[in-house]
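Descriptive analysis of the structure
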Amino acid sequence: MQRCTIPGLGIVLTLCLLGVIAGSAGAADKLQVVATISDLKALTEAVGGDLVEVEVLARGNQNPHDLEVRPSLMVKLRRADALVINGLELDDWANVAVQGANNPRIIPGGIGLIDASRGILVLEVPTTKVDRSMGDVHPAGNPHYTLDPGMTPIITQNLVDGLARVAPEHRAAFERNRREFLARLEAAMARWVQALGPFRGAKVVVYHEDWVYFFTRFGLRQAGTIEERPGIPATPTHLAQLIRQMKEEQVKAVVVEPWSDRDLSALVAQEAGAKLALLNAKLGTVSGPDAYLATTEANVSALTQALR
Ligand SMILES: [Zn+2]
């Protein structure tokens, strides 16, 4: 009897212990963070580790400029301890959801509102006043800095500072996670610089001006855009001129994202004798602390193949 009881007791104890462990690291005890876009979700997970649970408002295949604010977004925001935004007017749509969420922690000036763009040197700031009513979606300069892995030291510092405002007791853990992430990033960065090195100075056409920070980092040049201007669709005249220019300048690659017009991009690439590179195809499909690195790795690889 005794031999039966002891293993039985062992199982009960084990279950109890598991219960205690699960309870201490359970979802209820984690910081509930909402990020507006997938890149920022991935970087918040890298910094927050198992101390945070991060939800995203715009999924990887959705245009981060233009999101319909559904009631389900407000539910996510209502119970959030922190909200990570891209800023630079990319995710202004989140303001509507924040207003509806009635959560003082994440309103402007709230302790849990984290603007990841703080300290970023913004590119393509218009020198004349750009009127958003005319459709241009980059009135505050180019907002797509998260696609450049070289910006992540600044972004993750903003995340550490923001998360530590909400949970000061975890600052050391956030800083340790950040250091570990940046060490892995540094190793990957050396690989990416080497992979794109042979294409330094190469001209690339993009559907939308998402890649200016990335191109600047790796020495590539944006030769033109399929959109007439950010957020404004192409006219036939613009496309004809672009294709002519691409042939003259021997542009080898056209870059498109999952939410842009891939058929039109493929057509332009074909007409101009260039290859199509679908970037960000993995955005939001990889999870875990290395999601950002995996997505960037896939972007570098797709671009390298198109430029070859
Ligand atoms: Zn944009």
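Coordinates for the structure precede this section.
Residues numbered from 1 in each chain as written. Predicted model: local features only at pLDDT ≥ 70, side-chain atom pairs only at ≥ 80, totals over all residues. Heavy atoms only, no water.

A few points about helix H9 (residues 262–272)
Among the residues making up H9, those that are buried are Ser-265, Val-268, Ala-269 and Ala-272. Angularly, the buried residues of H9 cover 100° about the axis, an arc narrow enough to put them on a single face. Within H9, the exposed residues directed more than 90 degrees away from the buried face are Asp-263 and Gln-270. Buried residues along H9 sit against helix H8 (236–249), strand S7 (253–256) and strand S8 (275–278). N-cap assignment for H9: the residue whose side-chain oxygen lies 3.3 Å from the backbone N of Asp-263 is Asp-261. Two residues or fewer after H9 comes Gly-273, characterised by a positive phi angle close to 70°. (Buried < 20%, exposed > 50% of the residue type's maximum accessible area, 1.4 Å probe, protein only. Helix = DSSP H or I, 4+ residues; strand = E, 2+ residues; numbered from the N terminus. Arc of directions from axis to C-beta. Contact = heavy atoms within 4.5 Å. Polar contact = N/O pair within 3.5 Å; in protein donor to acceptor, adjacent residues only side chain to side chain.)

Describing the coordination of the zinc ion
At this site the zinc ion is bound by His-65 (NE2), His-138 (NE2), His-144 (NE2) and His-208 (NE2), with donor distances of 1.9 to 2.0 Å. Considering all four donor atoms around the zinc ion, angles at the metal cover 108 to 113° and the coordination shape is tetrahedral. Counting the intervening residues between successive donors of the zinc ion yields the motif H-x72-H-x5-H-x63-H. In this pair, His-138 is assigned in the loop between strand S4 (113–115) and helix H5 (152–166) and His-208 in the loop between strand S5 (203–206) and helix H7 (212–218), connecting sequence segments 70 residues apart. His-138 gets classed as buried once you look at its relative accessible area, which sits at 5%. (Donors = N, O, S within 2.8 Å, 3.2 Å for Na, K, Ca; no water. Tetrahedral: all angles 85-135°; square planar, octahedral: opposite > 155°, others 65-115°.)

Things to note about the packing of H8 against H9
For any two helices packed against each other, the geometry comes down to the angle between their axes and how far apart the axes lie. Running from N to C, H8 and H9 cross one another at 45°; their axes reach a closest spacing of 9 Å. Judged on the interaxial angle alone, H9 and H8 are oblique. The two elements H8 and H9 meet at a crossing, and its hand is right-handed. On the side of H8, the interface is formed by Leu-239, Leu-242, Ile-243, Met-246 and Lys-247, while H9 contributes Leu-264, Val-268, Glu-271 and Ala-272. A per-class count over the contact of H8 with H9 returns seven nonpolar, no polar and two charged. (Axes fitted to C-alpha atoms, helices over the stretch in contact; angles between N-to-C directions. Parallel < 35°, antiparallel > 145°, perpendicular 65-115°, else oblique. Left-handed = near helix turned anticlockwise from the far one by under 90°. Nonpolar A, V, L, I, M, F, W, Y, C, P; charged D, E, K, R; others polar.)

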